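Examining the three-dimensional arrangement
If you want the building blocks of each chain, they are given just below.
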Amino acid sequence: MSVKACINGARTPDQHPALPVSAQQIADDVLAAESAGAFAVHLHVKGDDGRDTLDADRLELVLGAVRAAGPKIPVGVTTGAWAQPDPAQRVAAIGEWRIRPDFASVNWHEDGADEVAATLIEQGIAIEAGLWTDTAIERWAASPHRDQCIRALVELPHGADAADAEHTASAMLALMSERNVGAVPVLLHGNGSTAWPMVQRAAQIGVQTRIGLEDALLLPDGSVAPDNAALVRAAIELYESEAASR
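Here's what I pulled together on the structure shown here.

Analysis parameters
- Residues numbered from 1 in each chain as written.
- Predicted model: local features only at pLDDT ≥ 70, side-chain atom pairs only at ≥ 80, totals over all residues.
- Heavy atoms only, no water.
- Buried < 20%, exposed > 50% of the residue type's maximum accessible area, 1.4 Å probe, protein only.
- Helix = DSSP H or I, 4+ residues; strand = E, 2+ residues; numbered from the N terminus.
- Pairing = 2+ DSSP bridges.
- Right-handed = clockwise from strand over helix to strand, strands pointing away.
- Axes fitted to C-alpha atoms, helices over the stretch in contact; angles between N-to-C directions.
- Parallel < 35°, antiparallel > 145°, perpendicular 65-115°, else oblique.
- Left-handed = near helix turned anticlockwise from the far one by under 90°.
- Contact = heavy atoms within 4.5 Å.
- Nonpolar A, V, L, I, M, F, W, Y, C, P; charged D, E, K, R; others polar.
- Disulfide = S-S within 2.5 Å.

Here we take up the pairing of strand β1 (residues 3–6). Both faces of β1 are covered, namely the face carrying Val3 and Ala5 and the face carrying Lys4 and Cys6. Judged from the three bridges that link them, β1 and strand β8 (residues 209–211) form a sheet pairing that is parallel. Counted as the bridge partner of Ala5 is Ile211 from β8. Since β1 and strand β2 (residues 41–43) lie parallel, the crossover through helix α1 (residues 23–36) that links them has a hand, and here it is right-handed.

Structure follows, in C-alpha cells:
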C-alpha cells in the first residue's frame, strides 16, 4: 500500500508515446498499474484535443471502459481548475457526473476548493486534498471538509534539486503537524526533478507516494520510461529498498 499510479496528468500525447489518452488506453494502463503493484490510480479524462476535461460524457466513457476491463483497484480523477477555470462551472460540471470515480483530487490553492469538495461529498465521492503550497495547507486546515479527506497529497514542483525538495517537504509536513491535521494520511510526491527524490523521502518517513507519466517521464537511472507500469515497478522497488533500511 505504498505507491499510487498517476498515469497521464495534464500532459498531452506529444510528451510521451505511451501516454494514455483514449478510454481504452486509460483502461489498459489502469490494469497495468494494478498488475505492477499500485494501490490506486489517479487519471485525467481527456477531450478530443487531448486536454483535460470534466465533461460528464467523457468521464462516463473512460470510467465505463475502466470498469469493463475489470480492475479491483480504486480509481480517481482530477478536478483541476485548468480543466474548468470558473469555480461555479467546475462545480456544475461535477454535479452532472452520472458515473462516479472512487475518489477525486481537490487542489486547495484553487478558488472554489471548498465548493468542489462539498459537491464531491454530495455525490458520494471520496476526496484527496492537493496541497502544493503553505497557503494551500492553511486553507485546507481551516476547511470544514478537511477531516473527510482520505489522503493529503503534499506535492513538490519540478525544478528543485533533491536537497531543496526535501527541505520544502519537511517544512510543509511540519506546518501540517502544527495545524493538527495528522489524522489524514499523507501521500508525498514530486514532479520532474523532484519525483524520484520524493519517492525516496516518502519511504524514509513511512508515508505513501505516487509515480506515473503525470509526474515523471524518466526512470531513476535517467532513461526514458517505456510506460506507467515500468514507473510503478521502479517506484515500488525504490520504496521497499529505502523502507528496509529505516
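We are not done yet, so read on.
Where α1 meets helix α2 (residues 56–69), the closest approach of the two axes is 8 Å, and the angle between their N-to-C directions is 40°. Between α1 and α2, the crossing angle belongs to the class labelled oblique. For the pair α1 and α2, the crossing hand works out as right-handed. Contacts between α1 and α2 pair Ala23, Ile26, Ala27, Val30 and Leu31 from the former with Leu61, Val62, Ala65, Val66 and Ala69 from the latter. Here the contact of α1 with α2 is composed, by residue class, of ten nonpolar, no polar and no charged.

Reading across the sheet, the eight strands line up as β7-β6-β5-β4-β3-β2-β1-β8 and stay open at both edges, with parallel pairing between neighbours. Each end of this open sheet is capped by a strand with a single partner; those strands are β7 (186–189) and β8. For this sheet the average axis-to-axis angle between neighbouring strands, irrespective of direction, equals 25°. For β2 and strand β3 (residues 75–78), the ladder comprises three bridges, and the chain directions are parallel.

This brings us to the state of the cysteines. Counted by the stated rule, this structure contains zero disulfides. Of all cysteine sulfurs in the structure, the one in Cys149 sits closest to Cys6, which takes part in no disulfide; the separation is 19 Å. Relative accessible area serves as the criterion here: at 0%, Cys6 is assigned to the buried category.

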